[in-house]
Amino acid sequence: WRTYLRTPGYVPSTDASWDAYQLWASQFYQTSEAVLFAQRTIEFLLGRRNSISGRMYANDPTIFAWELCNEPRAVAPPNARGVLQASFMAWVASTAATIKRLAPRHMVTIGSEGWTPYPSYVNVNFTAAHMDASIDFATVHIWPQNWDWYNPLASRHAPQGFTVAMERSLAYLDIHTQAARALGKPLVLEEFGLARDSGRLSRGSSVGRRDRFFSALLRRAAAAPEVGGVLAWAWGGAGHPSPSGWWQPTQSDGIDLVGDPPHEQQGWYSIYTSDSSTLALLRNGFRLKYTPDPPWAPAPPAAPPQPTPPWSPPRCISGVNDDVGFEACESWCDQPTHCAMCKCVACHLCAAGPGLSISVRSKQGPKEAHRVHISKGKP
């Protein structure tokens, strides 16, 4: 900003809040000089010749796709959201068209995180933005801890426990899979991650819950024909974070950046070379669809066989659209069964009926309450 352009209003101080930066950065879409400079940068990149291969970037077959931005948002005060969202949509259309004109053989995507749990704050219409003819596929990111769905120190069935986080994450993927189907475009699960067990950061700490999380998401993605690929976050390799996890550029050798951005603790979502179980899951990829789900914990010693008593699944108590069917749970769920509508979202939620209110909060956004309308098993 300071070097090339006029500054759009004030520049937030280094200790400003996350919201202050979000509001300031979102002025980009309505700052014509900034948009023009970004377009020139794109033209420069696509016109550059690779010094090793000799190919122009615009013709390089090793480039999978171009992403307009990582998790672009159009954050604005409530009375300005409509106008800013229109500017965002215009930016998507013009930028994607520029890339398609200069690199017609390359695919283009927005880089969207999806609707997020706070769509009014993010102010991006996921479906409408991906309707643009120059956008070839959609993306979605899933961050249960960042969205306060998960606390690695919580017990498994607590409100922020692993079971609830897993349910919400799979439902979030399903919503975007359905949107991709309606759009007629592929979906890439572009970012997802989970903290190591008990929130530890170091190499060698256990990753049992992360492996379950990855396994469930990979299996759900493999079962959806709309999902064209997955990208897990993030490769830490042979790196070693500091004991506190916080990295500074002045630190000595041996304290590494290991995949997480420098404003977050290193090792939070890092996948190390020593994480053999996680790497095996990722190597299997969509083939997990055809393999048994690994057990949550080592099996106890075998007990003598006992007669199996007759069993009847509980009747759905939601009363919504006469939904009284039954269906087996996902393999990661430790409950014997739930009704087809509730699935693994415990029946007591359905009992509250349509219009159940919940609160969600992001570490990067304000606390907002949203209405959840339950019907046909989808929030």
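Residues numbered from 1 in each chain as written. Predicted model: local features only at pLDDT ≥ 70, side-chain atom pairs only at ≥ 80, totals over all residues. Heavy atoms only, no water.

A. Structural view of the overall build of the protein. If you tally the helices and strands in the protein, you get nine helices and eleven strands. Burial analysis of the protein (379 residues in total) assigns 46% to the buried set. For the protein, contacts bridging at least 24 residues in sequence account for 65% of all contacts bridging at least 6. Counting every atom, the protein has about 19600 Å² of accessible surface; 58% of that belongs to carbon and sulfur. (Helix = DSSP H or I, 4+ residues; strand = E, 2+ residues; numbered from the N terminus. Buried < 20%, exposed > 50% of the residue type's maximum accessible area, 1.4 Å probe, protein only. Contact = heavy atoms within 4.5 Å. Areas by Shrake-Rupley, 256 points an atom, 1.4 Å probe, with all protein chains shown as cover.)

B. Structural detail: helix α1 (residues 18-25). Where α1 is concerned, the buried positions are A20, Q22 and W24. On its buried face, α1 sits against α4 (119-122).

C. Seen up close, the sheet that holds strand β3 (residues 138-142). Taken in spatial order, the three strands line up as β3-β4-β5 in an open sheet, and their pairing is parallel. The outermost strands of the open sheet, each flanked by one partner alone, are β3 and β5 (227-230). Neighbouring strand axes in the sheet, compared pairwise and without regard to direction, differ in orientation by 25° on average. Where strand β4 (residues 187-192) and β5 come together, three bridges link them in parallel fashion. Residue V188 lies in a different strand from β5, and its bridge partner there is G229. In this fold helix α6 (residues 162-183) packs onto β3, β4 and β5, with an angle of close to 175° to the strand it touches most, β3. Across the sheet, helix α7 (residues 208-223) touches β3, β4 and β5, and the angle it forms with β4 is around 175°. (Pairing = 2+ DSSP bridges. Axes fitted to C-alpha atoms, helices over the stretch in contact; angles between N-to-C directions.)

D. Geometry of the nonpolar core. Counting 64 residues, the largest nonpolar core has L68, F88, W91, I142, L187, F213 and L217 as the members making the most contacts within it. Broken down by element, this core gets its largest block of residues, eight residues, from α6. With near-sequence residues (within four places) excluded, W91 lies in contact with F28, Y29, V35, L68, C69 and P72. (Core = buried A, V, L, I, M, F, W, Y, C linked by side-chain atoms within 4.5 Å.)

E. Just α7, in detail. Compared with the 22 Å implied by 1.5 Å per residue over 16 residues, the 23 Å span of α7 between its first and last C-alpha is a close match. Among the 16 residues in α7, 14 count as buried, and that is most of the element. (Expected span 1.5 Å × (residues − 1).)

F. Looking closely at the packing of α6 against α7. Look at α6 against α7: their axes get within 10 Å of each other, and the N-to-C directions meet at 25°. By the criterion of interaxial angle, the relationship of α6 to α7 is roughly parallel. Crossing geometry of α6 relative to α7 is assigned as right-handed. Each of F162, M166, S169, L170, L173 and D174 in α6 lies in contact with α7, whose residues at this interface are R209, R212, F213, A216, L217, R220 and A221. When the residues that make up the contact of α6 with α7 are grouped by side-chain class, the tally is eight nonpolar, one polar and four charged. (Parallel < 35°, antiparallel > 145°, perpendicular 65-115°, else oblique. Left-handed = near helix turned anticlockwise from the far one by under 90°. Nonpolar A, V, L, I, M, F, W, Y, C, P; charged D, E, K, R; others polar.)

G. Looking closely at the packing of aromatic side chains. All chains considered together, the criterion is met by 17 aromatic pairs. When the centroid spacing of 6.2 Å and the interplanar angle of 85° are considered together, the rings of W143 and W233 count as edge-to-face. Of this pair, W143 sits in the loop between β3 and α6 while W233 sits in the loop between β5 and β6 (235-237); the two residues are 90 residues apart in sequence, bridging distant segments of the chain. Ring geometry for F213 against F214: centres 6.3 Å apart, planes inclined by 45°, an arrangement best described as tilted. Neither residue differs from the other here; F213 and F214 are each classed as buried. In this structure an aromatic cluster arises from ring pairing among F28, Y29, F88 and W91. (Phe/Tyr/Trp six-rings, centres within 6.5 Å; stacked < 30°, edge-to-face > 60°.)

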